[in-house]
2 protein chains.
Amino acid sequence: METSFLGVLGGMGPLATADFLRKLVKKTPADVDQKHIPVLLYGDCTTPDRTASVIGQGPSPLPHLLAGIRFLAAQGARAICIPCNSAHCWYDEMQAASPAPLLHIVKASAAQIHRKNPNAARVGVLSTLGTHRMGIYHDTLTAIGYEVVTPTDHEFETLISPAIAMNKACKWAEAEPLYDEATQRLWDRGAEIVVLGCTEIPFGMERQYRANPMKFVDSNDALVDAALNFFIGAEAAPAAA
Amino acid sequence: METSFLGVLGGMGPLATADFLRKLVKKTPADVDQKHIPVLLYGDCTTPDRTASVIGQGPSPLPHLLAGIRFLAAQGARAICIPCNSAHCWYDEMQAASPAPLLHIVKASAAQIHRKNPNAARVGVLSTLGTHRMGIYHDTLTAIGYEVVTPTDHEFETLISPAIAMNKACKWAEAEPLYDEATQRLWDRGAEIVVLGCTEIPFGMERQYRANPMKFVDSNDALVDAALNFFIGAEAAPAAA
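Given the structure is predicted, the values throughout are model-derived calculations rather than measurements.

What counts as what
Residues numbered from 1 in each chain as written. Chains lettered and ligands numbered in written order. Predicted model: local features only at pLDDT ≥ 70, side-chain atom pairs only at ≥ 80, totals over all residues. Heavy atoms only, no water. Domains from an automatic or database assignment. Contact = heavy atoms within 4.5 Å. Buried area = accessible area lost by both parts, 1.4 Å probe. Salt bridge = Lys/Arg side-chain N within 4 Å of Asp/Glu carboxyl O. Polar contact = N/O pair within 3.5 Å; in protein donor to acceptor, adjacent residues only side chain to side chain. Helix = DSSP H or I, 4+ residues; strand = E, 2+ residues; numbered from the N terminus. Buried < 20%, exposed > 50% of the residue type's maximum accessible area, 1.4 Å probe, protein only. Right-handed = clockwise from strand over helix to strand, strands pointing away. Pairing = 2+ DSSP bridges. 1 Å grid on protein atoms, 1.4 Å probe; cavity = no way out; pocket = protein on both sides within 12 Å on 5 of 7 lines; lining within 4 Å. Points joined across faces, edges and corners; volume = space filled by probe spheres on them. Nonpolar A, V, L, I, M, F, W, Y, C, P; charged D, E, K, R; others polar. pLDDT = per-residue confidence, 0-100. Axes fitted to C-alpha atoms, helices over the stretch in contact; angles between N-to-C directions. Least-squares fit on C-alpha atoms with pLDDT ≥ 70 in both.

A. Local environment of the domain arrangement of chain A. Residue and element names in this part refer to chain A. Domains assigned within chain A are domain 1 (6–104 + 221–232) and domain 2 (106–219). In this structure, domain 1 and domain 2 have C-alpha centres spaced 20 Å apart. Contact with domain 1, which involves 23 residues of that partner, is made by 26 residues of domain 2. A combined buried area of about 1,900 Å² lies between domain 1 and domain 2, and 56% of that area is made up of carbon and sulfur atoms. It is Asn85, His104 and Ala222 in domain 1 that bury the most area against domain 2; as a group they hold 32% of the surface buried on that side. At the junction of domain 1 and domain 2, the tally comes to 2 salt bridges. Note that Asp218 is salt-bridged to Lys23, the shortest N-O span being 2.5 Å. Applying the counting rule to domain 1 against domain 2 returns 21 residue pairs in polar contact (both at pLDDT 80 or more).

B. Looking closely at the environment of B:His154. By the secondary structure assignment, B:His154 is in helix H8 (residues 153–168). Distance from B:His154 to B:Pro118, taken between C-alpha atoms, is 31 Å for residues 36 residues apart in sequence.

C. Expanded view of the pairing of strand S1 (residues 6–10) of chain A. Residue and element names in this part refer to chain A. A large share of S1 lies buried, amounting to 5 of its 5 residues. Burial along S1 is two-sided: the face carrying Leu6, Val8 and Gly10 and the face carrying Gly7 and Leu9 are both buried. For the segment spanning S1, helix H1 (residues 14–27) and strand S2 (residues 39–43), crossover handedness is right-handed. Pairing geometry for S1 and strand S3 (residues 79–81), over 3 bridges, is parallel. By the bridge assignment for S3, Gly7 is matched with Ile80.

D. How the structure looks around the layout of surface pockets. One number sums up the size of the largest pocket: a volume of about 1,200 Å³. Lining of the largest pocket is provided by 32 residues; of these, A:Arg22, B:Arg22, B:Lys26, B:Glu206 and B:Arg210 occupy positions nearest its centre. Breaking the lining of the largest pocket down by element, the ones donating at least two residues are H1 and helix H10 (206–211) of chain A together with helix H1 (14–27) and helix H10 (206–211) of chain B. Take the lining of the largest pocket: its biggest share by element is 7 residues, from H1(B). Residues of the lining of the largest pocket, tallied by class, amount to 14 nonpolar, no polar and 18 charged.

E. Summary view of the confidence of the model for chain A. The predicted model of chain A averages 95 in pLDDT, with 97% of residues at 70 or higher. Across the interfaces of the predicted complex, the ipTM metric reaches 0.94, alongside a pTM of 0.95.

F. Summary view of the sheet that holds strand S7 (residues 193–196) of chain B. Residues and elements named next belong to chain B. Across the sheet, 4 strands lie side by side as S6-S5-S7-S8; this open sheet has parallel pairing. Edge positions in the sheet fall to strand S6 (147–149) and strand S8 (216–218), since each of these pairs with one other strand and no more. Ignoring strand direction, the axes of neighbouring strands in this sheet form an average angle of 25 degrees. Against the sheet, helix H5 (residues 105–116) contacts strand S5 (122–126), S7 and S8, and its axis sits at roughly 145 degrees relative to S8. Helix H9 (residues 172–188) contacts S5, S6, S7 and S8 of the sheet and is inclined by roughly 160 degrees relative to S5.

G. Summary view of the relation of the copies chain B and chain A. If you rotate chain B by 180 degrees and push it 0.0 Å along the axis, it lands on chain A with an RMSD of 0.0 Å. Here the two chains are linked by the operation of a two-fold rotation axis. In this assembly, 100% of the residues forming the interface of chain B have copies in chain A that are likewise at the interface, indicating an isologous arrangement.

H. View of the interface of chain B and chain A. Facing 37 residues of chain B, the contacting portion of chain A comprises 37 residues. Across the chain B/chain A interface, buried area totals approximately 3,000 Å², and carbon plus sulfur atoms make up 65% of it. Per-residue buried area on chain B facing chain A is highest for B:Asp33, B:Gln34 and B:Cys45; these three make up 19% of the total on that side. Applying the counting criterion to the chain B and chain A interface returns 4 salt bridges. Among the salt bridges present, the one from A:Lys168 reaches B:Asp33, with a minimum N-O distance of 2.8 Å. The interface formed by chain B and chain A includes 11 residue pairs in polar contact (both at pLDDT 80 or more). Among the elements of the structure, H1 and strand S2 (39–43) of chain B are those that each provide at least two residues to the side of chain B that touches chain A. Element by element, the count of residues in the side of chain B that touches chain A is highest for H1(B), at 7 residues. Residues belonging to the side of chain B that touches chain A are distributed by class as follows: 20 nonpolar, 9 polar and 8 charged.

See the structure below:
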């Protein structure tokens, strides 16, 4: 593309990618098409499942991830967003393959936690089992000084993993009570704000999120803020609500 | 991309592109990411305004359109979708630049008119002024045998063009009464079904569309059907509702 553009490594899942693009457009301060941020999307939804790989039950997604990153970098992307938390388990390898910065979804979520609740000390995280096992939220948030609260192994097995699988099959209404229960357990353990640390989760939590948007951080929305901050400047990225 | 993929020439506007991708995912019969259709999106929202060009008030978008089509074709797209009706004014030039087929949004809409109302004889079309002036709906639909009803010049000036500009500025609620009025005029002139022949229009007509989905054809949704038909086969593309 002749113009400066954002590279998006998507397809993980494809609905989360469309959601990222929609949120990006809606938050961009533009009144005509031409003032929006041009995007090149490499949406390879055949990328192997990230969690299956982390828990040793499937092939590594890394070759697909690197193919996408190298493609976007070779086309001249100024920055790259990956609207999938679990893919960030391979962040270092991907960043090493690109001269353009990869905007980190976990760091973006941490920034939005602070904006939404500057006094929060205990943060709940809902994510895939893969993201949980790799500790990418735990490590980033504890380094900042947060205490992190996550579902138990039993809750992953009976609530989170089935709910995410329902989301992937577009069965959001069926997933909703499972997310409700998983979230309640985090509140019960003292979480003051909960990160939706899987970009598919918001589709099954729309009602909860809308009822109390300041109690949740949607990682896809946080990544949008990071992209706006990069392309337009901090003052243009609206304080999330 | 190693795998077979759909090329999308987008950014016209960028919200319509996100909407196309969302509708594509939601209509695809897949229960895991890997069964969806991989997508490469060239989203150059800096493409000059299509209507401004048609009415002689702006530069031609054709160089941008051809750059995008050539890029997607060179990457090996199996087929290309352009979720912008007005861009189809340059369909022949774009198709000549690509060995891969460009799925035509007006033909896709015509197919959905027939599926939704096989007995319709008179079809209303809401579109940009550019699409209207170039007659791409008129020519395609009259060739099939439909009578076409469109807004008057005065209605374009006072209702449609302002409403589409509001949509582009994300002011959907303000646009809604203008679309309501424009649609009512088409019903009054005997339209039996109305095509939303600009991919931005559905954002300002959600209430009307949801209340009576069989009375409207959303051209973006029709283009999704064409893509599913191409990649998966007619039997997999759900009858629109």
